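# Overview (structure and organization)
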Amino acid sequence: MTWKTAIAHLPYGGAKGGIGCNPNELSASELERLTRVFTQKIHDLIGVQTDVPAPDMGTNAQTMAWILDEYSKFHGHSPAVVTGKPLDLGGSLGREAATGRGVVYATEALLKDHGKIIADQSFVIQGFGNVGSWTATILHEQGGKVIAISDANGAVKNTDGIDVPRLVDYAKKTGGVKGFDGGEDIDPKSILAERCDVLIPAAIGGVLTRENANGVQAKFVVEAANHPTDPDADEILAKKGVVVLPDVYANAGGVTVSYFEWVQNIQGFMWDEDKVNAELKKYMTRAYEDVKEMSKSKGCSYRMGAFCLGIGRVARATLLRGWGA
């Protein structure tokens, strides 16, 4: 997260934390009590200018609302202490779709650099949770042909292009993409080897490995999930000439709009959705150019360039503060 926020040029450090449990096995009442007790234990460690929690796997806007309320019992009403809140409690428009929209903006910048546009490309998306479904929806809106989508329980393929809005409705009703009549069911394990222009892993980490990387037929891989490609797979893809846009940049849309939400809460002035999306596009496009320039100057991959950029910015800030050896 530290490198990610540095790459996106956000005035944040980075951290991750959470509770080891399966939220699907807990009632709403149990989740609320668990979240509130957790907040009681960490309320002195978080704060508007200290550490600002944002939602991730297994959490949602309601979780953030409980954290805000519990924190406010100790410190007074502080909407900027968490992001990803419901709109009624100071959440930002565009936050729910932010990671997926950021993935699309990153993809757009990458394709433009190669003389291509979204409307001319075919896409395969692994994962149909928040990030995968929003990525698919926005690509579809922009004329991209999404030909295969998978989730934890199944996968669907239609070489003429999936009707994504209809699939979103179907998945909400049935809990998954399996059995959707707008395409044929395929083995979800085969999704990464489907022939397409752009492959977007948007599920869990470690899915592209030494065992399956040779089977990837895409020209571009855009990492919407965290760490979907292991180092061996990275090497194999590079040898095959597949361009990989790394997670540390590609999925920074979520934390970027979290930053926008924090800014709006501090100002007490909320933006409309068009402004949120326009600012997100500006940040993602600028970060892409920075990563590309670093990769060119070092003669390395986008991943190495992104890390050089992020670590370099943190190193310079560290030295300027007098923390150097």
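Scroll up for the structure.
Residues numbered from 1 in each chain as written. Predicted model: local features only at pLDDT ≥ 70, side-chain atom pairs only at ≥ 80, totals over all residues. Heavy atoms only, no water.

For the rest of this paragraph, the subject is the overall build of the protein chain. Counting its regular elements, the protein chain contains eleven helices and seven strands. Against the compact-globule benchmark of 20 Å for 325 residues, the protein chain has a radius of gyration of 20 Å, which places it among compact chains. Summarising its shape, the C-alpha atoms of the protein chain cover approximately 55 × 50 × 35 Å along the three principal directions. A buried classification covers 49% of the 325 residues belonging to the protein chain. Taken as a whole, the protein chain presents about 15,800 Å² of accessible surface, with 53% of it coming from carbon and sulfur. Considering the protein chain, the positive charge centre built from 34 side chains and the negative charge centre built from 39 side chains are found 5 Å apart. (Helix = DSSP H or I, 4+ residues; strand = E, 2+ residues; numbered from the N terminus. Rg over C-alpha atoms; globule rule 2.2 N^0.38 Å. Buried < 20%, exposed > 50% of the residue type's maximum accessible area, 1.4 Å probe, protein only. Areas by Shrake-Rupley, 256 points an atom, 1.4 Å probe, with all protein chains shown as cover. Lys, Arg positive; Asp, Glu negative; His and termini not counted. Charge placed at Lys NZ, Arg CZ, Asp CG, Glu CD.)

Before going further, it helps to examine the side chain of His-43. Locating His-43 in the fold gives a position in the loop between α2 (28-42) and α3 (61-75). For His-43, a relative accessible area of 12% puts it in the buried group. Separated by 3.4 Å, the side chains of His-43 and Asp-44 make a polar contact. (Polar contact = N/O pair within 3.5 Å; in protein donor to acceptor, adjacent residues only side chain to side chain.)

The axes of two packed helices give the description: the angle between them and the distance between them. Contact pair helix α5 (residues 130-141) / helix α6 (residues 164-174): the axes reach a minimum separation of 9 Å and the direction vectors enclose 155°. Compared by their axis directions, α5 and α6 come out roughly antiparallel. Contacts between α5 and α6 involve Ala-136, Thr-137 and His-140 from the first element and Val-164, Pro-165 and Val-168 from the second. Split into classes, the residues belonging to the contact of α5 with α6 amount to four nonpolar, two polar and no charged. (Axes fitted to C-alpha atoms, helices over the stretch in contact; angles between N-to-C directions. Parallel < 35°, antiparallel > 145°, perpendicular 65-115°, else oblique. Contact = heavy atoms within 4.5 Å. Nonpolar A, V, L, I, M, F, W, Y, C, P; charged D, E, K, R; others polar.)

Membership of the largest hydrophobic core comes to 59 residues, with the highest contact counts inside it found for Ile-149, Ile-200, Leu-245 and Tyr-249. Element by element, the count of residues in this core is highest for helix α4 (residues 98-113), at eight residues. Not counting the four nearest positions on each side in its chain, Ile-200 is found in contact with Val-103, Phe-123, Val-124, Ile-125, Gln-126, Thr-135, Leu-139, Val-222 and Ala-224. By size, the runner-up hydrophobic cluster in this structure holds 20 residues, among which are Ala-148, Ile-191, Val-216 and Val-221. (Core = buried A, V, L, I, M, F, W, Y, C linked by side-chain atoms within 4.5 Å.)

Two side chains of opposite charge can pair, provided their charged atoms sit close to one another. Per the counting criterion, the structure on display carries 20 salt bridges. Residue Asp-197 is joined to Lys-219 by a salt bridge in which the shortest nitrogen-to-oxygen separation is 2.5 Å. A residue pair is termed long-range when its members are at least 10 positions apart, and Asp-197 in the loop between β4 (184-186) and β5 (198-201) and Lys-219 in the loop between β5 and β6 (220-222) qualify at 22 residues. Look at Asp-197 and you get buried, because its relative accessible area is 13%. The salt bridge involving Asp-247 is made with Arg-303; its shortest N-O contact spans 3.7 Å. Here Arg-303 lies in helix α11 (residues 302-320) and Asp-247 lies in helix α8 (residues 247-250), a separation of 56 residues in the sequence. Look at Asp-247 and you get buried, because its relative accessible area is 10%. In this structure Arg-303 comes out as buried when scored by relative accessible area, which is 15%. Each member of the salt-bridge network shares a partner with another, and the members are Glu-32, Arg-36, Asp-69, Glu-70 and Lys-73. (Salt bridge = Lys/Arg side-chain N within 4 Å of Asp/Glu carboxyl O.)

A few words now on α4. Between its first and last C-alpha, α4 extends 23 Å over 16 residues, near the 22 Å set by a 1.5 Å rise per residue. Most of α4 is tucked away, with 13 of its 16 residues classed as buried. At the exit of α4 stands Gly-115, carrying a positive phi of roughly 70°. (Expected span 1.5 Å × (residues − 1).)

To continue, consider the packing of helix α9 (residues 253-267) against helix α10 (residues 273-298). Where α9 meets α10, the closest approach of the two axes is 10 Å, and the angle between their N-to-C directions is 130°. By the angle class used here, α9 and α10 are oblique. Crossing angle aside, the handedness with which α9 passes α10 is right-handed. The segment α9 lies against α10, with Gly-253, Thr-256, Val-257, Tyr-259, Phe-260 and Gln-264 engaging Val-276, Glu-279, Leu-280, Tyr-283 and Met-284. (Left-handed = near helix turned anticlockwise from the far one by under 90°.)

Here the focus is the sheet that holds strand β2 (residues 145-150). One open sheet accounts for seven strands, arranged β4-β3-β2-β1-β5-β6-β7; its pairing is mixed. Of all the strands in the sheet, just β4 and β7 (243-245) have a single pairing partner and so form its edges. Taken pair by pair, the neighbouring strands of this sheet meet at an average axis angle of 25°, ignoring direction. In the sheet, β5 pairs with β6 via two bridges, with the strands oriented parallel. (Pairing = 2+ DSSP bridges.)

Fair warning: the whole summary comes from geometry, so function is off the table for now.
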